[in-house]
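Here are the chains, one letter per residue:
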Amino acid sequence: MNIIEYSNRGSRTVNQDYVIHRSLSADSAIFVLADGMGGYSHGEIASQTVAESIVEYVEQNTTNYTPENLLRESIVFANDVLMIKRMEIGGKKMGTVIAVLFIKGTYAYITWLGDSRVYKFSKSKMDFCTTDHSIVQQLSNKMAITSSIYAKYSAIVTRAIMGDEIKEEIPIEVLSIAEGDTFLLCSDGFHKQLPVEEYAVSCDKVNLKCLDDMARDMDDNYSFIKVTV
């Protein structure tokens with residue numbers, strides 16, 4: 001697998017995005033991108049805590065569950081860890097959205113909560129994208145979204161990990177993969193401001209230098225993990 005990770009705080013004071021991956025065997029690996037929720041406390045701690053907890057759980061329990069249940073259990077575990085962390089530091093509310101990719105053999109297992117996304121590209125064309133858990137997405141399912149509605153609700157997600165009870169089913173998508181397929185996990189600061197397909201199809205050190213140079217013009221943290229199998 002060819003893997004590129006990138007994260008930048010943009011014009012924000014703090015980078016609340018966190019990216020991490022871990023190779024588990026010759027043909028399996030776990031990738032997590034977490035975006036700490038603005039408006040709550042310690043978003044940068046929430047994203048790092050949850051992302052690292054998911055990776056830790058998957059790494060230690062790979063053979064104990066089916067891939068789908070492994071991802072679900074890892075999120076429950078990370079949620080519990082965040083609850084403990086929140087109590088330790090006295091955070092009133094902490095939370096993070098997540099995008100997770102688990103590759104095992106010729107299958108990819110994807111889960112997410114919130115508006116960070118996972119894309120899949122085959123032969124340079126997008127053939128899968130997660131659906132945001134957000135107010136804007138819910139509204140767009142029922143009506144045309146005006147610019148004023150988008151501006152008002154674009155930052156509001158409907159699902160996240162917050163250290164509270166998880167009441168809804170955790171979504172899992174299972175996709176077959178072939179050599180040359182590319183996955184892109186990215187935060188909303190990335191997919192709302194940058195041409196996703198361009199970076200998914202062609203991304204190298206030159207592109208990353210360009211991303212660094214545009215930081216002052218980016219109004220949010222922007223991060224991604226690109227995985228080519």
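Residues numbered from 1 in each chain as written. Predicted model: local features only at pLDDT ≥ 70, side-chain atom pairs only at ≥ 80, totals over all residues. Heavy atoms only, no water.

Undergrad: Explain the sheet that holds strand S9 (residues 182–186) to me, please; I cannot follow it from the model alone.
TA: Read from one edge to the other, the open sheet built from 5 strands follows the order S1-S10-S9-S6-S7, with strand pairing classed as antiparallel. A strand with exactly one partner marks an edge of an open sheet, and here the two such strands are strand S1 (2–8) and strand S7 (125–129). Along the sheet, successive strands turn relative to each other by an average axial angle of 20°, direction set aside. The pairing of strand S6 (residues 117–122) with S7 spans 4 bridges and is classified as antiparallel. (Pairing = 2+ DSSP bridges. Helix = DSSP H or I, 4+ residues; strand = E, 2+ residues; numbered from the N terminus. Axes fitted to C-alpha atoms, helices over the stretch in contact; angles between N-to-C directions.)

Undergrad: Please clarify how the packing of helix H1 (residues 43–61) against helix H2 (residues 67–89) should be interpreted in this entry.
TA: For any two helices packed against each other, the geometry is given by the interaxial angle and the distance between the axes. Running from N to C, H1 and H2 cross one another at 140°; their axes reach a closest spacing of 8 Å. The angle between the axes of H1 and H2 places the two elements in the oblique class. Here H1 runs over H2; the crossing is right-handed. Taken together, the residues of H2 that come into contact with H1 (itself represented by Ile 45, Ala 46, Thr 49, Val 50, Ser 53, Ile 54, Glu 56, Tyr 57, Val 58 and Asn 61) are Leu 70, Leu 71, Glu 73, Ser 74, Ile 75, Phe 77, Ala 78, Val 81, Leu 82, Lys 85 and Ile 89. Across the contact of H1 with H2, the residue classes tally to 14 nonpolar, 4 polar and 3 charged. (Parallel < 35°, antiparallel > 145°, perpendicular 65-115°, else oblique. Left-handed = near helix turned anticlockwise from the far one by under 90°. Contact = heavy atoms within 4.5 Å. Nonpolar A, V, L, I, M, F, W, Y, C, P; charged D, E, K, R; others polar.)

Undergrad: Looking at this structure, I do not really get the pattern of salt bridges. What am I missing?
TA: Opposite charge on two side chains lets them pair, provided their charged atoms get close. Overall, the coordinates contain 12 salt bridges when judged by the stated rule. As a salt-bridge pair, Arg 72 and Glu 169 come within 3.2 Å of each other at their nearest N and O atoms. With Arg 72 in helix H2 and Glu 169 in the loop between helix H4 (147–153) and strand S8 (173–176), the pair connects residues that are 97 residues apart, well separated along the chain. Among the residues examined, Arg 72 registers a relative accessible area of 23% and is labelled partly exposed. Note that Asp 188 is salt-bridged to Lys 192, the shortest N-O span being 3.3 Å. The class of Asp 188 is buried, set by a relative accessible area of 9%. (Salt bridge = Lys/Arg side-chain N within 4 Å of Asp/Glu carboxyl O. Buried < 20%, exposed > 50% of the residue type's maximum accessible area, 1.4 Å probe, protein only.)

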